[in-house]
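One letter stands for each residue in the lines below.
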Amino acid sequence: MNTPATPGSSDPDAPGGADPDGFLAEQLLRLTRRLHRFQKQYLEPVGITPAQSRLLRTVAHYPEPPRMADLAARLEVVPRAVTTLVDGLEAAGRVRRVPDPTNRRVVRIELTDTGRDTLRELRSARRAAAEDMLAPLTVEQREVLGGLLSALVDRGPERVC
């Protein structure tokens, strides 16, 4: 049976152990897994996967319908992955492929009215998931967490290891 480590225990990843950064890394990984579970749980009623949700939100951020290559670059995935996601979203009527007005070889991805409705549902689902995740925290703790996360997320370009 796995029992949580206590401060001062021999586990180097325990709080106050020999490796506090290791403990933080483990906690972040556990939180990431929990976030993924919550996201899947709240997105399931919308009928969309987390990856499709991310693509839909990304399309919505462009002032003009983006090219598939633009989406692949922004999402940091191979173009084939975008094709698969667009296929699923297009089959559900959430996006449509449209020709580029200046280059007939280029295909752009445009939101449909159904896609915009789905984005509204997604915002509600994500808000509900966040409320559940953050329920144990006080308002002050949420503010501190927000600042800490901003410091980690907004620190500049990622270094490749």
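Residues numbered from 1 in each chain as written. Predicted model: local features only at pLDDT ≥ 70, side-chain atom pairs only at ≥ 80, totals over all residues. Heavy atoms only, no water.

Colleague: Tell me about the packing of helix α2 (residues 50-61) against helix α3 (residues 68-75), and name the residues and values.
Modeller: One way to put it is that α2 packs onto α3 with a least axis distance of 11 Å and a crossing angle of 115°. Our pair here, α2 against α3, has a crossing hand that is right-handed. Across from R54, L55, T58, V59 and H61 in α2, the residues of α3 making contact are L71, R74 and L75. Of the residues assigned to the contact of α2 with α3, the class counts are 4 nonpolar, 2 polar and 2 charged. (Axes fitted to C-alpha atoms, helices over the stretch in contact; angles between N-to-C directions. Helix = DSSP H or I, 4+ residues; strand = E, 2+ residues; numbered from the N terminus. Left-handed = near helix turned anticlockwise from the far one by under 90°. Contact = heavy atoms within 4.5 Å. Nonpolar A, V, L, I, M, F, W, Y, C, P; charged D, E, K, R; others polar.)

Colleague: Residue-level account of the layout of surface pockets, with values.
Modeller: In this structure, the second largest pocket spans a volume of roughly 320 Å³. Considering the residues around the second largest pocket, the lining is formed by F23, L24, Q27, L28, R30, L31, R33, R34, R37 and L152. Broken down by element, the lining of the second largest pocket gets its largest block of residues, 9 residues, from helix α1 (residues 20-43). Looking at the lining of the second largest pocket, its residues break down into 5 nonpolar, 1 polar and 4 charged. (1 Å grid on protein atoms, 1.4 Å probe; cavity = no way out; pocket = protein on both sides within 12 Å on 5 of 7 lines; lining within 4 Å. Points joined across faces, edges and corners; volume = space filled by probe spheres on them.)

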